[in-house]
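# Structure at a glance
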Amino acid sequence: MNLVETIMKLLGDDVLGNLAGVLGAGTDETKQAVGAAVPAMLGGLGSLAAKPEGAEKLWSAVQAVDDNVVGNFSQMLTGGQQDVLGKMGSGVLEGLLGKGALSSLINVLGSFLGGKKAMITKLLPMLAPMIMGVLSKQVKSGGLDLGGLAKMLLGQKDNISQAMPAGLMKSLSSDPELSQLAGFAKSASDTVASAGRAADSAARATGAAAASPMRWLLPLVVLVAAVAGIYWFLNRPAPDATDVKEKVESTVDQAGTLAKDFGGYLSNMGTVLTGVT
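All values derive from a computational prediction rather than experimental measurement.

## Points about the pattern of salt bridges
Here the structure, examined in full by the defined rule, presents two salt bridges. A salt bridge links Lys 116 to Glu 29, with the nearest nitrogen and oxygen atoms 3.5 Å apart. Separated by 87 residues along the polypeptide, Lys 116 in the loop between α7 (99-112) and α8 (117-142) and Glu 29 in helix α3 (residues 27-49) bring together distant segments of the chain. Its relative accessible area of 24% is what places Lys 116 among the partly exposed residues. Residue classification places Glu 29 among the partly exposed positions, given a relative accessible area of 28%. Asp 67 is the partner of Lys 140 in a salt bridge, and the nearest nitrogen-oxygen pair spans 2.9 Å. Here the residue Lys 140 occupies a position in helix α8, and Asp 67 occupies one in the loop between α4 (52-64) and α5 (68-78), the gap between them amounting to 73 residues. On the accessibility criterion, Lys 140 (59% relative accessible area) is exposed.

Okay, structure coming up:
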């Protein structure tokens, strides 16, 4: 399961249109803001889950939330309950992140989106009940306890990191109040980068392994040809001395020619492999 994708699907075009109306913004502008806010907020919750005291605080908040908000979110936006959502979400975010970190998150996201602080100030509290409601439903459907909730969120590191818009991680990391949030998501992106470097090293090693046989194949071919010549010589019907001499010389000449031709072939193959690697 990908929590970011689950939440973004719930915030489909119709919901985004209603949300844009409440924010007084365009649908594309709202979609961009939501695309940055959702992974950032989940990163904040994930950083809480990484510590025992934070996980307990998160567990209490999930237990207290009304997860009916998930199914009624769009109606609440258009039914004059925006203030209810806002107050509910503000209380949740301040209780979980603290006023200082929440203020920093609003400032960073607003700046990242090009001076949209007022929009983000209104957006985050409205999104918070939806996100917490999704977590509540996951807890209930999966029969999760506190440890299960923490494990689920910690398992979302890669999804959260990959959903972050380009440049947002750097902006979050620059604010001391958000260091834990940024560290949570960054550890996943570092893991992905390390895996990429490991794959690249493995590819280079494979190329080197493919090229290394060229160093011993030529002597081996020469040895096989010589052994074949000796075997033929020892097992043939006894001819006269002149015939023996002529045939041995012919066999040696043929083995030399074969080794020379095959050596040229291997040299060409080595050049090709060197170009590839």
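## Things to note about the environment of Asn 72
With respect to the helices, strands and loops of the structure, Asn 72 is situated in helix α5. Along the chain, Asn 72 and Met 130 lie 58 residues apart, while their C-alpha atoms are 9.4 Å from each other.

## Some points on α5
Turning to α5, its buried residues number three or more, namely Val 69, Val 70, Phe 73, Ser 74, Met 76 and Leu 77. All buried residues of α5 project into a common sector of 165° when viewed along the axis, lining one side. Facing away from the buried side of α5 by over 90 degrees, the exposed positions are Gly 71 and Thr 78. In the core, the buried residues of α5 are packed alongside α1 (3-10), α2 (13-23), α6 (82-97) and α8. The positive-phi residue at the C-terminal boundary of α5 is Gly 80, with phi of around 75°.

## What to know about the nonpolar core
Among the nonpolar cores identified, the biggest contains 68 residues, and Leu 45 and Leu 124 are the most heavily contacted of them. For this core, the leading source of residues is α8, giving 13 residues. Dropping the residues within four chain positions of it, Leu 45 is found in contact with Leu 58, Leu 96, Ile 131, Met 132, Leu 135 and Leu 153.

## Description of the confidence of the model for the chain
With 66% of its residues at a pLDDT of at least 70, the chain reaches an overall mean of 79. In the predicted structure, residues 188-203 sits below a pLDDT of 50 and forms seven contacts with residues beyond four places in sequence or in another chain.

## Side note on the environment of Leu 102
Among the secondary structure elements, Leu 102 is positioned in helix α7. We classify Leu 102 as buried; its relative accessible area is 11%. It is 8.9 Å that separates the C-alpha atoms of Leu 102 and Leu 178, two residues lying 76 residues apart in sequence. For Leu 102, the contacting residues outside a window of four places in its chain are Leu 93, Glu 94, Leu 97 and Leu 124.

Thresholds, definitions, all that
Residues numbered from 1 in each chain as written. Predicted model: local features only at pLDDT ≥ 70, side-chain atom pairs only at ≥ 80, totals over all residues. Heavy atoms only, no water. Salt bridge = Lys/Arg side-chain N within 4 Å of Asp/Glu carboxyl O. Helix = DSSP H or I, 4+ residues; strand = E, 2+ residues; numbered from the N terminus. Buried < 20%, exposed > 50% of the residue type's maximum accessible area, 1.4 Å probe, protein only. Arc of directions from axis to C-beta. Contact = heavy atoms within 4.5 Å. Core = buried A, V, L, I, M, F, W, Y, C linked by side-chain atoms within 4.5 Å. pLDDT = per-residue confidence, 0-100.

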